[in-house]
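So you can see what is in the structure, the chains are spelled out below.
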Amino acid sequence: MKFAYRFSNLLGAVYRQGNLNFSKDGNAVISPVGNRISVFDLKNNTSETLPVSTTKNITCVGLSPNGNLAIVVDEDGAALLVSLITRAVLHHFHFHKPVSSICFSPDGRKFIVTKENVALMYHAPGKQREFNAFVLDKSYYGPYDETTCVDWTDDSRCFVVGSKDMSTWVFGAERWANLIYYSLGGHKDVIVGCFFEKDSLDLYTVSQDGTLCVWESDTELDGLVLKKDLDKPKFQEEEEEEEEEDRVEGEEGEVIRGKVETPKSKTKTKNVRYKQASKHFFNKEGDFNNLTAAAFHKQTHILVTAFASGIFHLHELPEFNLIHSLSISDQRISSVAFNGSGDWIAFGCSRMGQLLVWEWQSESYVFKQQGHFNNMAALAYSPDGQYIVTGGDDGKVKVWNTNSSLCFVTFTEHTSSITNVAFTSSGFVIVSASLDGTVRAFDLHRYRNFRTFTSPRPAQFSSLAVDVSGELVSAGTQDSFEIFLWSMQTGRLLEVLGGHEGPVSSLCFSPVKSILASASWDRTVQLWDMLDSWHAKETLHLTSDGLCVTYRPDGQELAVATLNGELSFWNPHTAAQTGSVAGRHDLETGRKDTDKITAKQSAKGKSFTSLCYSADGESVLAGGQSKFVCIYNVKEQMLTKKFEISCNLSFDAMEEFLDRRKMTEFGSLALVDEGAGDGDEVNISLPGVRTGDMSSRHFKPEIKVSSLRFSPTGRSWAATTTEGLLIYSLDGSMVFDPYDLDLDVTPASIRKQLRLKDWASAIVLAFRLNENALKQEVLETVPHNQIPVVCGSLPDIYVEKLLGFVAACLEKSGHLQFYMTWAQNLLMLHGQELKRRSGSILPTLQALQKSIQRHFDNLSKLCDFNMYNIRYAAALAKQRGVKRSAEEEEEDEGLSEEMSEASLDDADMIL
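Below, the structure is looked at part by part.

Quick notes on the rules
- Residues numbered from 1 in each chain as written.
- Predicted model: local features only at pLDDT ≥ 70, side-chain atom pairs only at ≥ 80, totals over all residues.
- Heavy atoms only, no water.
- Helix = DSSP H or I, 4+ residues; strand = E, 2+ residues; numbered from the N terminus.
- Buried < 20%, exposed > 50% of the residue type's maximum accessible area, 1.4 Å probe, protein only.
- Contact = heavy atoms within 4.5 Å.
- Areas by Shrake-Rupley, 256 points an atom, 1.4 Å probe, with all protein chains shown as cover.
- Core = buried A, V, L, I, M, F, W, Y, C linked by side-chain atoms within 4.5 Å.
- Phe/Tyr/Trp six-rings, centres within 6.5 Å; stacked < 30°, edge-to-face > 60°.
- Lys NZ or Arg CZ within 6 Å of the ring centre and 35° of its normal.
- Salt bridge = Lys/Arg side-chain N within 4 Å of Asp/Glu carboxyl O.
- Polar contact = N/O pair within 3.5 Å; in protein donor to acceptor, adjacent residues only side chain to side chain.

## Description of the overall build of the chain
Then step 1. Each helix and strand counted, the chain has twelve helices and 61 strands in total.
Then step 2. The proportion of buried residues among the 911 residues of the chain is 52%.
Then step 3. Expressed as a percentage of contacts within the chain between residues at least 6 apart in sequence, the contacts between residues at least 24 apart total 50%.
Then step 4. Carbon and sulfur atoms make up 49% of the accessible area of the chain, which totals about 42,600 Å².

## Things to note about the nonpolar core
Then step 1. Counting 39 residues, the largest nonpolar core has Ile763, Leu779, Leu802, Val806, Tyr819 and Trp822 as the members making the most contacts within it.
Then step 2. Mapped by element, the contributors of at least two residues to this core are helix H4 (747–755), helix H5 (759–769), helix H6 (772–781), helix H7 (787–793), helix H8 (796–812), helix H9 (816–829) and helix H11 (838–879).
Then step 3. Residue contributions to this core peak at nine residues, all from H8.
Then step 4. Of all hydrophobic cores here, the second largest spans 24 residues; its members include Ala13, Leu621, Ile631 and Leu726.

## Observations regarding the packing of aromatic side chains
Then step 1. Using the criterion set out here, one finds 39 aromatic pairs in the structure.
Then step 2. Between Phe312 and Phe347 the ring centres are 4.5 Å apart and the planes differ by 40 degrees, which places this aromatic pair in the tilted class. In this pair, Phe312 sits in strand E25 (residues 311–316) while Phe347 sits in strand E28 (residues 344–349), placing the two residues 35 residues apart along the sequence. Here Phe312 matches Phe347 in class, with each residue buried.
Then step 3. Grouping aromatic residues by their ring pairs yields a cluster made of Phe93, Phe95, Phe104, Phe111, Tyr122 and Phe134.
Then step 4. Looking at Arg36, its charged tip hangs above the ring of Phe7, at a distance of 4.0 Å from the centre.
Then step 5. Its end group placed over the ring of Tyr365, Lys368 keeps NZ or CZ at 4.6 Å from the ring centre.

## Here we look at the pattern of salt bridges
Two side chains of opposite charge can pair, provided their charged atoms sit close to one another.
Then step 1. If you walk through the whole model with that rule in mind, you get 16 salt bridges.
Then step 2. In this structure, Glu482 and Arg457 form a salt bridge, with 3.3 Å as the shortest nitrogen-oxygen distance. Placement of Glu482 in the loop between strand E40 (472–477) and strand E41 (483–487) and of Arg457 in the loop between strand E38 (448–454) and strand E39 (461–466) is noted, with a sequence separation of 25 residues between them.
Then step 3. What makes Glu482 buried here is its relative accessible area of 17%.
Then step 4. By relative accessible area, Arg457 is classed as exposed at 52%.
Then step 5. Residue Arg552 pairs with Asp554 through a salt bridge whose shortest N-O separation is 2.9 Å.
Then step 6. Overlapping salt bridges bring together Lys110, Asp137 and Lys138 as one network.

## Notes on the side chain of His324
Then step 1. You can see His324 is positioned in strand E26 (residues 321–327).
Then step 2. A distance of 3.4 Å separates a polar atom in the side chain of His324 from a polar atom in the side chain of Glu363.
Then step 3. Residue contacts for His324: discarding those within four places in its chain leaves Phe312, His313, Leu314, Trp358 and Glu363.

## Concerning the environment of Phe453
Then step 1. Mapped onto the fold, Phe453 is located in strand E38.
Then step 2. As for Phe453 and Leu493, which are separated by 40 residues in sequence, their C-alpha atoms are 7.7 Å apart.
Then step 3. Those residues within four positions of Phe453 in sequence are excluded, and the remaining contacts are Gly437, Thr438, Val439, Ala441, Val473, Trp486, Ser487, Met488 and Gly491.

Shown next as structure tokens:
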């Protein structure tokens, strides 16, 4: 099962760049996050990252009208055809140039791709399987500069394209006699949005300087006349149709070149003409309040426009009545989208990493998420694995729910970068260390900072550890080489531990004893006894600077990562080294654009900066300044598997060799700062400049792993990287892992035992075959009153397996009381034996605790809600003059309390 970990989800980043889309039902937002796609379900309050990725950051996403297909295009023009139903890649294609926008026709038969100054119309892939998924139909040339936006008429007969040359072009999707192309002017800046009116050729165009033009057409959609080539022989028309059908992917179809003047019709049909009906201007606040994004909902005639200052306006067209205006951010809004009904508006802010969904009628937020502004620095799992806390360079501490993958609280008390975070053993207190010279404790019940630990002299805390009891908090410093100890209860400084001759890089408490291990740059690991006057108990001498130290979950082993790329393993009782692994060759770092040496040479200076034991203690995870996370087997001291955390070439140090095509006599073209800085690169402004910084510079973030943690349940592990918080989990349904299998163990023999009502034998056989569906069938066939008898007769080796399966079923199954009964009887009847093997089955017990805790929280909220409803109904009945005796009221109150106590009784007993 160790080899079955695969990418599960991406947390910590909700939006990077590109356009936002709503699903067909309007209940989910599809957001590009780097080179991946995340789907945020607004109805169920969950998120999911699709298991597909492009080679560079995604710039635009096109969604089919039925919501089944999505075309994803990255910065270089590489496209993926993705099925949103199966979450699989159906086709690869390359447009060879950066694509500015992509849009399906309303009937789903065509889609338009705009790149440079051309609009390409392709046949949309259908339901039948096709070898050539993208077949080019027509190429439309009109604008002189790059295209920016595109929109279709409701009947898919025409489309409009906006451009940076301040012009807007209307093209016919078919061979119309009275509309081949039409050019519109009237603007003095880049066209940001162009939209057709509902069931009409009338147009709205919006430019970057905050100008709206309303264009009226003298022809209705029904007035478009299909061009008939009467002069051509019939056989020539048939040949052309056959050529069009046989056209393969990549070939250029019919080319339509537009000119500024209106084309003259050779027939008597009157050409379509436009006139400017009106022109409106948006109120701008400040010199740099440019209009950056726009969206139009045709059914409600609502236009939303977003600005660089974070303000958005809602107008009703064509009267241009202002409905609403609000500031949702202090940064540039990059993308805007309406859902199908027009009630919700999605906003994406690339620089802040924000994703907001606003319901404009009730003026309330439906969804509001933001990732870390800068890199993530640290993470920690809660003891039951239900929550993950992360700290970033932006000074924020965020808590994420592993079930919904959403952030539900953000603490902003720190004023500088977070270096480490930790949960206490209770799971309701978070401790964080920062470079601002404070260590803070946060309460997850009231969501407040209730303790702030400081040192007598200002110091920058680089490491953090909390003991098992949650009473002792320790932090190491970079500058004074000391370790500070505080009491969680009183908040007082207990002791200052001195002895290291270099910065303290890592701290870790033993999970079974009050012993603190500290790693330092002075090439030592000190073991401090918290019960013996805080004296140094042992000193472990390393071969190089210590970067990270961690205890095995049972406290019987210590792992240390050093600057020379080695991992060393120590016995903390005898202070003897038990093994080492040379991991420098496993890092395989890439070559940065600014490097003067090769990747092979630069790898000699790389090392692991984060270590973590697996839940069973058999393996150790290691990550550092590389795109790889390595898993080593501690006993065999060998590499088990390497995980490539990203294939995104938009990050630096991803490729091993430099591209010779980008090398010039003046250096690498990758170092040239292109554009105005609207891309995904991080913006570095001059100090004190907030808006209009003409001297801003950009850099490509370097890919690295800053922190690693294994889930206490043993089912997943997480890594904080440049890309975000990556979760890798076990896909148990795809793994066939039989136990003690022989010829007699078959589904038929298992069902035979069920018919004979030999429940214990059926369970043993099912767990030997180890198919989840069959195990669930056997368990749910056992009568409720037979569960204690079956649990008592099970062999010890199957008790742990059954307990783990019950914990997994509690996550998804609706038979809550049934599986709670299984868990209760297994723990009551086999408690002593399980206690003796508590170290090995700890992940299973923590998985069970996570499932029960989640149901406990949900049920307690539901019972409270029901109790308040009953009281409200009783009070309402009193007001309406219904006479009730005092005895009946007491009975009702007693009944509501009994309901709440009975439903939570089983969960309380196990917890």
